[in-house]
Amino acid sequence: MIVADPQTRLAMFGDMVRVRRFEERCAELYTETKIRGFLHLYIGEEAVAVGVLHHLGPDDAVVGTYREHGHALVRGVPANSIMAEMFGRYEGCSRGRGGSMHLFDAATRFYGGNAIVGGGLPLAVGLALADKMQGRSNVTACFFGEGAMAEGEFHESMNLAALWDLPVLFVCENNLYAMGTALERSESVTDMALKAAGYAMPSWAVDGMDLDAVWDAAGHAVQAIRAGGGPQFLEMRTYRFRAHSMFDPERYRDKAEVTGWKERDPIETMRERLAAGGVLDDEAMTSIESAATAEVDEAVAFADAGTLEPVEQLTRWVTSEPEEAQP
Ligand SMILES: Cc1ncc(C[n+]2csc(CCOP(=O)(O)OP(=O)(O)O)c2C)c(N)n1
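Residues numbered from 1 in each chain as written. Predicted model: local features only at pLDDT ≥ 70, side-chain atom pairs only at ≥ 80, totals over all residues. Heavy atoms only, no water.

Engineer: Explanation requested: the overall build of the protein in the structure shown.
Structural biologist: When you go through the protein residue by residue, the secondary structure sums to twelve helices and seven strands. The C-alpha radius of gyration of the protein comes to 19 Å, within 12% of the 20 Å expected for a compact globule of 327 residues. Based on the C-alpha atoms only, the size of the protein along its principal axes is roughly 50 × 50 × 40 Å. Sorting the 327 residues of the protein into buried and exposed places 52% on the buried side. Excluding contacts between residues fewer than 6 apart, the proportion of contacts in the protein whose partners are at least 24 apart in sequence is 75%. Only carbon and sulfur atoms are counted for the fraction: they give 54% of the accessible area of the protein, which is about 14,300 Å². (Helix = DSSP H or I, 4+ residues; strand = E, 2+ residues; numbered from the N terminus. Rg over C-alpha atoms; globule rule 2.2 N^0.38 Å. Buried < 20%, exposed > 50% of the residue type's maximum accessible area, 1.4 Å probe, protein only. Contact = heavy atoms within 4.5 Å. Areas by Shrake-Rupley, 256 points an atom, 1.4 Å probe, with all protein chains shown as cover.)

Engineer: What should I look at first to understand the site of the ligand in this one?
Structural biologist: Looking at the ligand, there are 15 residues lining it, with Tyr66, Arg67, Gly147, Asn175 and Tyr177 nearest. Between the ligand and Ala115 there is a distance of 3.1 Å, counted from a nitrogen atom to a backbone nitrogen or oxygen. Here Tyr177 contributes a backbone N or O atom positioned 2.9 Å from an oxygen atom of the ligand. The protein chains hide 74% of the 580 Å² of surface that the ligand would expose on its own. (Near = heavy atom within 4 Å. Polar contact = N/O pair within 3.5 Å; in protein donor to acceptor, adjacent residues only side chain to side chain.)

Engineer: Honestly, the environment of Gly51 in this entry has me stumped. Any pointers?
Structural biologist: Along the polypeptide, Gly51 turns up in helix α2 (residues 46-53). The exposure class assigned to Gly51 is buried, which follows from its relative accessible area of 0%. Sequence separation between Gly51 and Leu39 is twelve residues; the distance between their C-alpha atoms is 23 Å.

Engineer: For this particular structure, what's the right way to read the sheet that holds strand β1 (residues 61-63)?
Structural biologist: In sheet architecture, strand pairing relies on hydrogen bonds along the backbone and comes in two forms, parallel and antiparallel. Read across the sheet, five strands follow the order β1-β2-β3-β7-β6 without closing on themselves; strand pairing throughout is parallel. The open sheet has two edge strands, β1 and β6 (203-207), and neither has a second partner. Mean inter-strand twist for the sheet, computed between neighbouring axes without regard to direction, equals 20°. Examined bridge by bridge, strand β2 (residues 140-145) and strand β3 (residues 168-174) share six bridges and lie parallel to one another. Each residue of the ladder has a partner; that of Phe143, found in β3, is Val171. This element, helix α9 (residues 211-226), spans β3, β6 and β7 (232-237) of the sheet and lies at about 170° to β7. (Pairing = 2+ DSSP bridges. Axes fitted to C-alpha atoms, helices over the stretch in contact; angles between N-to-C directions.)

Engineer: What's the story with the pattern of salt bridges in this structure? I'm lost.
Structural biologist: Should their charged atoms come close, side chains of opposite charge can pair. Across all of its chains, the model carries 21 salt bridges by this definition. A salt bridge links Arg20 to Glu46; the nearest nitrogen and oxygen atoms lie 2.5 Å apart. A residue pair is termed long-range when its members are at least 10 positions apart, and Arg20 in helix α1 (residues 6-31) and Glu46 in helix α2 qualify at 26 residues. Arg20 gets classed as buried once you look at its relative accessible area, which sits at 8%. The class for Glu46 is buried, based on a relative accessible area of 0%. Linking Glu235 and Arg237 is a salt bridge whose minimum nitrogen-to-oxygen distance equals 2.8 Å. The class of Glu235 is buried, set by a relative accessible area of 0%. When salt bridges with common partners are traced through the structure, they connect Arg9, Asp210, Asp212 and Arg273 into a single cluster. (Salt bridge = Lys/Arg side-chain N within 4 Å of Asp/Glu carboxyl O.)

Written out as structure tokens, the structure is:
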């Protein structure tokens, strides 16, 4: 087992708290109609993004889904520019054109924010192919839900990644439901790691509610990729505590199931474990919480003070404008 050093575990714990507080505020802002359009919260799944992304370096690439605020934050996209994007502001990382589902940031090699289920998979394969062809030793981490594994492009992506030995880490965030559809109602094989193994890809199932387990599995997988072992697959068994999106009446799962998973809250589990190990005391907990709150408060103020893209620019950047690609 690869165990993170105490400082790394504390930093990862702090990141889970940041993601949770950021998203709880997003839910409130949505109700206040400050955030419009779709909003998909990651609450309950934080250990997955945090435990994987802490293994990556600045030159590695990250591809997410529409449930990607946490991935963007942990990757280092500034909270201000994420929140401004949520508000549809020009100061947002996608100039306010994308909103919650389309966070992009070239500086941190964060490639979305992809609204199309499975849409990030071929993108990740392309990024990894480019890295390989140009002799760069980067890893591309690609996050997607188990629902994406029913898509044709999942199979095409897995096949090419394995065939070409590409440096991709496939991270399936298996939260058991694709919108209102339970996994066993839509897939003949519900063991996702087994499915991936069909592509001759090393694959493991991991407890996605346990940050230490995620860190350990992701560490082995990233090491194997960097050593030239080709693509690796991790099925993270996790659960979203909230509805699919803010529009979901959630009639497909019962309260007892949700309550049962909440008892395995990755933040609470880690808080207790770190406290028992003498790594986290009350003072450190207070400072983690207040830093997260301050970061979110600042992001909301920044987004609130933001501007809308001028109407005369609306037809710009529809096609590539290399000289002016940055706002
Ligand atoms: C190609 C495509 N089909 C359908 C949809 C509608 N849709 C949005 S989210 C979703 C469920 C996806 O579930 P999963 O991949 O398990 O991710 P989760 O939401 O559980 O994180 C569907 C079907 C879509 N966005 N794209």
